[in-house]
Amino acid sequence: GDSVTQMEGPVTLSEEAFLTINCTYTATGYPSLFWYVQYPGEGLQLLLKATKADDKGSNKGFEATYRKETTSFHLEKGSVQVSDSAVYFCALSSSGSARQLTFGSGTQLTVLP
Amino acid sequence: GAVVSQHPSRVICKSGTSVKIECRSLDFQATTMFWYRQFPKKSLMLMATSNEGSKATYEQGVEKDKFLINHASLTLSTLTVTSAHPEDSSFYICSARTAGGYSDTQYFGPGTRLTVL
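Residues numbered from 1 in each chain as written. Chains lettered and ligands numbered in written order. Predicted model: local features only at pLDDT ≥ 70, side-chain atom pairs only at ≥ 80, totals over all residues. Heavy atoms only, no water.

## Examining the overall build of chain A
Moving on, step 1. Scanning chain A from terminus to terminus reveals zero helices and twelve strands.
Moving on, step 2. Listing every helix and strand of chain A by position from the N terminus yields β-β-β-β-β-β-β-β-β-β-β-β.
Moving on, step 3. For chain A, whose C-alpha radius of gyration is 14 Å, the value lies close to the compact-globule estimate of 13 Å for 113 residues.
Moving on, step 4. A principal-axis box enclosing the C-alpha atoms of chain A has dimensions of 45 × 30 × 20 Å.
Moving on, step 5. With 113 residues in all, chain A has 43% of them scored as buried.
Moving on, step 6. Across chain A, the fraction of contacts at a sequence separation of at least 24, relative to all contacts at a separation of at least 6, is 56%. (Helix = DSSP H or I, 4+ residues; strand = E, 2+ residues; numbered from the N terminus. Rg over C-alpha atoms; globule rule 2.2 N^0.38 Å. Buried < 20%, exposed > 50% of the residue type's maximum accessible area, 1.4 Å probe, protein only. Contact = heavy atoms within 4.5 Å.)

## So, the sheet that holds strand 7 (residues 67-73) of chain B
All names here are of chain B.
Moving on, step 1. Pairing is antiparallel across the open sheet formed by four strands, whose spatial order is 1-3-8-7. The sheet is open, and its two borders are formed by strand 1 (4-7) and strand 7, each paired with just one other strand. The sheet shows a mean angle of 15° between the axes of neighbouring strands, direction not considered. (Pairing = 2+ DSSP bridges. Axes fitted to C-alpha atoms, helices over the stretch in contact; angles between N-to-C directions.)

## Structural notes on the side chain of Lys-66 of chain B
Residue and element names in this part refer to chain B.
Moving on, step 1. Tracing the chain through its elements places Lys-66 in the loop between strand 6 (57-58) and strand 7.
Moving on, step 2. The class of Lys-66 is buried, set by a relative accessible area of 11%.
Moving on, step 3. Polar contacts involving the side chain of Lys-66 include one to the side chain of Asp-88, which spans 2.9 Å.
Moving on, step 4. The contacts of Lys-66, once residues within four sequence positions are left out, are Thr-80, Val-81, Thr-82, Ser-83, Ala-84, His-85 and Asp-88. (Polar contact = N/O pair within 3.5 Å; in protein donor to acceptor, adjacent residues only side chain to side chain.)

## Let's talk about the interface of chain A and chain B
Moving on, step 1. With 20 residues of chain A in contact, the opposing surface of chain B contributes 21 residues.
Moving on, step 2. Its largest share of buried area at the contact with chain B, chain A owes to Leu-44, Arg-99 and Gln-100 of chain A, together 32% of the area lost on that side.
Moving on, step 3. Inspection of the chain A/chain B interface yields six residue pairs in polar contact (both at pLDDT 80 or more).
Moving on, step 4. At the level of elements, strand 5 (32-38), strand 6 (44-50), strand 10 (86-93) and strand 11 (101-103) of chain A are the ones that each hand at least two residues to the side of chain A that touches chain B.
Moving on, step 5. The class makeup of the residues in the side of chain A that touches chain B is eight nonpolar, nine polar and three charged. (Buried area = accessible area lost by both parts, 1.4 Å probe. Nonpolar A, V, L, I, M, F, W, Y, C, P; charged D, E, K, R; others polar.)

## Focus on the sheet that holds strand 8 (residues 62-65) of chain A
All names here are of chain A.
Moving on, step 1. If you trace the four strands from one edge of the open sheet to the other, you get 3-9-8-7, paired in antiparallel fashion. The two strands at the open ends of the sheet, each matched to only one other strand, are strand 3 (19-21) and strand 7 (56-59). The sheet shows a mean angle of 15° between the axes of neighbouring strands, direction not considered.
Moving on, step 2. With three bridges joining them, strand 8 and strand 9 (residues 75-77) adopt antiparallel strand pairing. Bridged to Ala-64 within strand 9 is Leu-75.

## Looking at the packing of aromatic side chains
For any pair of aromatic rings, the description consists of the separation of the ring centres together with the inter-plane angle of the planes.
Moving on, step 1. For the structure on display, the rule yields eleven aromatic pairs over all chains.
Moving on, step 2. Pairing Tyr-36 of chain A with Phe-108 of chain B gives two aromatic rings, centres 5.0 Å apart and planes at 80°, and the pair type is edge-to-face. Here Tyr-36 of chain A is found in strand 5, whereas its partner Phe-108 of chain B is found in strand 10 (residues 106-108) on a different chain. Neither residue differs from the other here; Tyr-36 of chain A and Phe-108 of chain B are each classed as buried.
Moving on, step 3. For the ring pair Phe-67 of chain B and Tyr-92 of chain B, a centre distance of 6.3 Å and an interplane angle of 45° mean the geometry is tilted. Highlighted residues: Phe-67 of chain B in strand 7 and Tyr-92 of chain B in strand 9 (residues 90-98), separated in sequence by 25 residues. (Phe/Tyr/Trp six-rings, centres within 6.5 Å; stacked < 30°, edge-to-face > 60°.)

## Re the state of the cysteines
Here is the idea: a disulfide is a covalent bond, and it sits between the sulfur atoms of two cysteines.
Moving on, step 1. Counted under the stated rule, the structure contains two disulfides over all chains.
Moving on, step 2. The side chain of Cys-23 of chain A participates in a disulfide bridge whose partner is Cys-90 of chain A; the two sulfur atoms lie 1.9 Å from each other. Since a negative S-S torsion denotes a left-handed disulfide, the Cys-23 of chain A-Cys-90 of chain A link at about -70° is left-handed. Of the two residues, Cys-23 of chain A sits in strand 4 (residues 23-26) while Cys-90 of chain A sits in strand 10, which places them 67 residues apart along the sequence.
Moving on, step 3. In this structure Cys-90 of chain A comes out as buried when scored by relative accessible area, which is 1%.
Moving on, step 4. Here Cys-13 of chain B stays free of any disulfide, with the sulfur of Cys-94 of chain B as its closest cysteine sulfur at 18 Å. (Disulfide = S-S within 2.5 Å.)

Written out as structure tokens, the structure reads:
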């Protein structure tokens, strides 16, 4: 079945540091890939998405490229801010009609001033 | 756009009572809504997929008689936790997928914290 493997956390960085959170997937067909962010006590917010190979999703300085050859969708940001502290989830959408999301385990990011 | 609301945001109830959680898509129609459960510091666990006007599809291990899901309209789905017990205490999150065409983006509600005493 589909699965998402996400970099273990927690990750602690200083403000303005470079961020990479690794995400790899296993899926049949051609899934869409997502990054969601969850702030404390809140639901998930869509951060970015990519629907086909070589697509790059970007939002708020975050980027991720859909790499079919390596089955990866790593999240990057060149300069993190304290306000980026949150839990980040990588997810894929199955190719079936229900298009259910399969989530990675989540990575806690803490950015220190 | 694509805002999903949940009500209530927090609820505390006594063991044995039932609790209803509402999930609404505020500015779009959602033919499909999903209900998730999240344990502390854990990922989301899909409980069921709810399609408007039809019975929900439950994931393996989720008791359909305990977690009643109703998707009566294109903007509203409800989850009722019946005869709640302390082990049902959790963070429940719904999501909605936009209707029409090929769409696989889910928009999430802010979640409901359920505490069963």
